[in-house]
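The residues making up each chain are set out below.
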Amino acid sequence: MKKISDEGQFANLYDIAFNPILKRVHHTVSHFAEKYGCHSIIDLGSGTGAQCRVLAADGFLVTGIDASMQMIAVAKKKTEDSVTFIHDDIRKTTINDKTFDAANISLVLHPNAKETIFEILQKSKTLVKPNGVVFITDYGIGTKFSGWLSNGLIRIVESFTRSDHRNHYFEFMGNKGIDMLNSFSDVKILEKQHYFNGALQTFVITFLK
Ligand SMILES: C[S@@+](CC[C@H](N)C(=O)[O-])C[C@H]1O[C@@H](n2cnc3c(N)ncnc32)[C@H](O)[C@@H]1O
């Protein structure tokens, strides 16, 4: 498989660096999964599997998929066997359509070009059951001093990523960050959760027919 992302090389350090920051996201997604009556959830771009572990501990049936072999290896090592991990490109997976109650897409949109973001969203639409929901977490435009400060710190971190990742991040933020989801005509936003005054946000969406 063509190398899709650059995060894999930091797979062993990823949880140490990001889990303390993402802990609230993991529990928020689990809360939403319960609120929307979900049982089976696929985590698209599951990375080291941290979100999968929180969902599994809360009783959900979880599948993770990631294009990075290093990420999958770390995820399998750290996670109980009840969670299934698949090494594949989200866009090309042959998992049956309409299998899951929900999909989760966390920090996967911003490293990708707008066309790829569209393809990932369309794939999530086919994977969830009719009226299924998708939880999307990614960077937003922060408000107030702490939101702007968080945006600035994220910008510094993203500046050190591979050039395609970095360029896509700047394109993503130039398109209003996660608020770009408002521009997809078949997406209905059900609710949002803000962290760091909006610099990071989770959207719960569903698809219009
Ligand atoms: C920044 S990490 C986020 C990991 C995890 N979701 C989290 O929130 O911590 C992005 C992950 O998405 C994966 N990814 C990006 N594009 C992908 C694609 N098209 N198919 C599968 N995985 C992809 C990368 O390999 C990487 O592990």
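Residues numbered from 1 in each chain as written. Predicted model: local features only at pLDDT ≥ 70, side-chain atom pairs only at ≥ 80, totals over all residues. Heavy atoms only, no water.

Trainee: Run through the pairing of strand 1 (residues 40–44), naming residues and quoting values.
Mentor: Burial analysis of strand 1 places five of its five residues in the buried class, the great majority of the element. Judged by which residues are buried, strand 1 turns out to be covered on both faces: S40, I42 and L44 on one side and I41 and D43 on the other are all buried. A crossover connection joins strand 1 to the parallel strand 2 (residues 61–66) through helix 2 (residues 50–57); in handedness this β-α-β unit is right-handed. One ladder, built from three bridges, connects strand 1 with strand 4 (residues 100–106); its direction is parallel. Opposite I41, over in strand 4, you have A102 as the bridge partner. (Buried < 20%, exposed > 50% of the residue type's maximum accessible area, 1.4 Å probe, protein only. Helix = DSSP H or I, 4+ residues; strand = E, 2+ residues; numbered from the N terminus. Right-handed = clockwise from strand over helix to strand, strands pointing away. Pairing = 2+ DSSP bridges.)

Trainee: Mind laying out the pairing of strand 4, listing which residues take part and the relevant values?
Mentor: In terms of burial, strand 4 is largely enclosed, as seven of its seven residues are buried. Pairing between strand 4 and strand 5 (residues 128–139): six bridges, direction parallel. Paired with S106 across the bridge in strand 5 is T137. Crossover connection from strand 4 via helix 4 (residues 114–127) to parallel strand 5: handedness right-handed.

Trainee: Account for the side chain of D43, naming residues and giving values.
Mentor: One can find D43 in strand 1. For the buried D43, no salt bridge is present, and the opposite-charge side chain at shortest range is R53, 9.1 Å distant. A polar contact is formed between the side chain of D43 and the side chain of N104, at a distance of 2.9 Å. D43 has contacts with Q51, C52, T63, G64, I65 and N104, leaving out every residue within four places of it along the chain. (Lys, Arg positive; Asp, Glu negative; His and termini not counted. Salt bridge = Lys/Arg side-chain N within 4 Å of Asp/Glu carboxyl O. Polar contact = N/O pair within 3.5 Å; in protein donor to acceptor, adjacent residues only side chain to side chain. Contact = heavy atoms within 4.5 Å.)

Trainee: Any chance you could break down the layout of surface pockets for me, citing the residues and the numbers?
Mentor: Here the second largest pocket is characterised by a volume of approximately 170 Å³. Lining the second largest pocket, in full, are K98, K125, V128, K129, P130, N131, G132, T206, F207, L208 and K209. Mapped onto the lining of the second largest pocket, the elements with two or more residues apiece are strand 5 and strand 7 (200–207). Looking at the lining of the second largest pocket, the element that brings in the most residues is strand 5, giving five residues. (1 Å grid on protein atoms, 1.4 Å probe; cavity = no way out; pocket = protein on both sides within 12 Å on 5 of 7 lines; lining within 4 Å. Points joined across faces, edges and corners; volume = space filled by probe spheres on them.)

Trainee: Please give an account of the state of the cysteines that cites residues and values.
Mentor: By the definition in use, this model includes zero disulfides. Not part of a disulfide, C38 finds its nearest cysteine sulfur in C52, a span of 14 Å. Among the residues examined, C38 registers a relative accessible area of 10% and is labelled buried. What makes C52 buried here is its relative accessible area of 0%. (Disulfide = S-S within 2.5 Å.)

Trainee: Please set out the packing of helix 1 (residues 11–35) against helix 2 residue by residue, giving values where relevant.
Mentor: Their axes nearest at 9 Å, the elements helix 1 and helix 2 cross at an angle of 40°. One element, helix 1, and the other, helix 2, form an angle in the oblique class. Handedness of the helix 1/helix 2 crossing: right-handed. Contact residues: D15, N19, V25, H26, H27, V29, S30 and A33 in helix 1; A50, Q51, R53, V54 and L55 in helix 2. (Axes fitted to C-alpha atoms, helices over the stretch in contact; angles between N-to-C directions. Parallel < 35°, antiparallel > 145°, perpendicular 65-115°, else oblique. Left-handed = near helix turned anticlockwise from the far one by under 90°.)

Trainee: How would you sum up the nonpolar core? Please name residues and give values.
Mentor: Side chains that are nonpolar tend, in soluble globular proteins, to be buried together. I105, F135 and I136 are the most contacted members of the largest nonpolar core, which totals 58 residues. Per-element accounting of this core gives the leading share, seven residues, to helix 1. (Core = buried A, V, L, I, M, F, W, Y, C linked by side-chain atoms within 4.5 Å.)

Trainee: Describe helix 6 (residues 163–174), naming the residues involved and giving the relevant values.
Mentor: In this model helix 6 runs 16 Å from its N-terminal to its C-terminal C-alpha over twelve residues, within 8% of the 16 Å that 1.5 Å per residue would give. Taken as a whole, helix 6 has its buried residues at H165, Y169, F172 and M173. An end-on view of helix 6 places all buried positions within 90° of arc, on one side of the element. Tucked inside the fold, the buried residues of helix 6 contact helix 4, strand 5 and helix 5 (144–159). Positive phi appears at K176, one or two residues downstream of helix 6, with a value of about 75°. (Expected span 1.5 Å × (residues − 1). Arc of directions from axis to C-beta.)

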